[in-house]
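# Architecture and fold: a report
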Amino acid sequence: MAEWSQLPPELLDQIAKSLQAPFDHLRFRSVCSAWRSSVTPKPRRFLPGYLILPNDGISDTTFGFHLSKRSILILQSTRLGNQAERSPHPAWVIKIEEDLPDRKSLLNPLSRHRFSPLPSDFPRVLDLSGIRVCELGQEYVLHSINYKHMIGDDNLYMEKVALKWVSIDGDFVLLTIHVSGKLALFRSGNKRWTTINDMPSPYDDVILFKGEFLAVDNTGRTVNVDVTGSPPVLSLVANPVFGGDKKYLVECEGQLLMVDMYLSIDATEGGPLGFGEDFLEHLAVYMSERTVRFKVYKLDEEMLTWVVVRNLGDKVLFLGDHSTFAASASDLSLPKGNYIFFVDNFFYVSSEYSGGDEDGEMGGGRDIGVFDLESCCIGPLGNYPHYSKIFWPPPHWIFSCGLGAQNQNHSAEQSQ
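A brief look at the structure comes next. Given the structure is predicted, the values throughout are model-derived calculations rather than measurements. (Residues numbered from 1 in each chain as written. Predicted model: local features only at pLDDT ≥ 70, side-chain atom pairs only at ≥ 80, totals over all residues. Heavy atoms only, no water.)

## Here we look at the overall build of the protein chain
Within the protein chain, the secondary structure is distributed over seven helices and 24 strands. Residue burial in the protein chain is summarised as follows: out of 416 residues, 50% are buried. For the protein chain, restricting intrachain contacts to residue pairs at least 6 apart in sequence, the fraction spanning at least 24 positions comes to 61%. Put simply, the protein chain shows about 19500 Å² of open surface, and 51% of that area lies on carbon and sulfur atoms. (Helix = DSSP H or I, 4+ residues; strand = E, 2+ residues; numbered from the N terminus. Buried < 20%, exposed > 50% of the residue type's maximum accessible area, 1.4 Å probe, protein only. Contact = heavy atoms within 4.5 Å. Areas by Shrake-Rupley, 256 points an atom, 1.4 Å probe, with all protein chains shown as cover.)

## Points about the environment of Tyr339
Within the secondary structure, Tyr339 sits in strand S21 (residues 339-343). Judged by relative accessible area, Tyr339 falls into the buried class, the value being 6%. C-alpha of Tyr339 to C-alpha of Leu312: the two residues are 27 residues apart in sequence and 7.8 Å apart in space. What Tyr339 contacts, discounting residues up to four positions off in sequence, is Leu312, Lys315, Val316, Leu317, Val370, Phe371, Asp372, Tyr384 and Tyr387.

## Observations concerning the nonpolar core
Ranked by internal contacts, the top residues of the largest apolar core, which has 40 residues, are Leu75, Ile131, Phe318, Leu332, Phe341 and Phe391. If sequence neighbours within four positions are ignored, Phe341 has contacts with Leu110, Val316, Leu317, Phe318, Leu319, Ile368, Gly369, Val370, Leu381, Tyr387, Ile390 and Phe391. In terms of nonpolar packing, the next biggest core, distinct from the first, is built from 18 residues, Val259, Val296, Ala326 and Ile340 among them. (Core = buried A, V, L, I, M, F, W, Y, C linked by side-chain atoms within 4.5 Å.)

## Description of the sheet that holds strand S12 (residues 212-217)
A sheet is described by the order of its strands in space; here four strands give the open sequence S11-S12-S13-S14, paired in antiparallel fashion. Of all strands in the sheet, those bounded by a partner on one side alone are strand S11 (203-209) and strand S14 (233-238). Between one strand axis and the next, the sheet turns through 30° on average, direction left out of account. Note: S12 against strand S13 (residues 222-226), four bridges, orientation antiparallel. (Pairing = 2+ DSSP bridges. Axes fitted to C-alpha atoms, helices over the stretch in contact; angles between N-to-C directions.)

## A closer look at unusual backbone geometry
The amide bond that connects Ser230 to the next residue, Pro231, takes the cis arrangement and shows omega of 5°. Structurally, Pro231 can be placed in the loop between S13 and S14. Here the residue pair Trp392 and Pro393 is connected by a cis peptide bond, since its omega of 0° sits within 30 degrees of zero. Looking at the secondary structure, you find Pro393 in the loop between helix H7 (385-388) and strand S24 (413-414). Of note, the phi angle at Glu253 is positive, near 50°, even though the residue is not glycine. Counting through the fold element by element, Glu253 comes out in the loop between strand S15 (246-252) and strand S16 (255-264).

Printed below as a string of structure tokens:
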């Protein structure tokens, strides 16, 4: 057996430099004392604990905006030796918000809602030596601040945010969508927002793809937003694809996908979801439209067009309130891929339909829907019990990886 602790420091240094994800670097240093001492902690780029952006040029009804950062992670136990041991509880997909270093809050990976309340015995500090952590993506969220200096959970002016770091000193540029449907740009250090007037159709989504800002409008027309100069310059990336009602951009293994969501307000008895009349009457107060299907496309950069994708293979797509991401079914310990998980208020109802606990507080999938791209079947997460376990409840093995008790505020800290 190799003496890992005896590897030369220069080799350890080269290995550490190849690790891009912060959690990989952290686990590398936790192998043994020799590895920890040979590699200095990797500096992490944090947003200031209370970063306030102005409202000039974007809103007349708020004091400003608070910008926060969140990470979407897959957690797997390294102490479960084979697939049979892992199958009762697959990997756990979570979102972590860290406004202060080393203090983290757990959130539903597809929405803005916190996992609350967490189980009383949920560990306050996690031992990462028994956990494999994979970062699926990051999201940045703008919270409106009213004139009473209160931060609101809802934001009437902004949607998804794409952020690009432009210097090691923490300078950044962010792109989002104004309530008007136009693109809105903000550069750190500036006092005003820039609204981009180019808008043949309202924009649906923005993304940072291979270091470039991309945006897609309601027709599928996709543009590159060059922010190197002032004003920003837009160039065509893909021509329109008409059909659906809302477009999402997703990066999947270095490729850019567009997911087209089809909506309907038809809620008649015996519809495609098969819910009865009583259910629809109860649900009417929660919804005005529902998702009925999706189409997936991949970008053909040379032809400036979107090409239909009929099978995702092992991949699973996630469409959240503030981010989109992809993962492989094998990494999630799921039987197969070719599924889309999405947020939809049509499924925002009691635990009978959500797969939550008896109080309906499932935390992880209360308003999550599932679409099978192969069969075109769609339904609430509770109809897919094996898949719902990647969201909630926490897997049994997580409780054996704790170094302390859960604190009163239900926040999770990570050991360093």
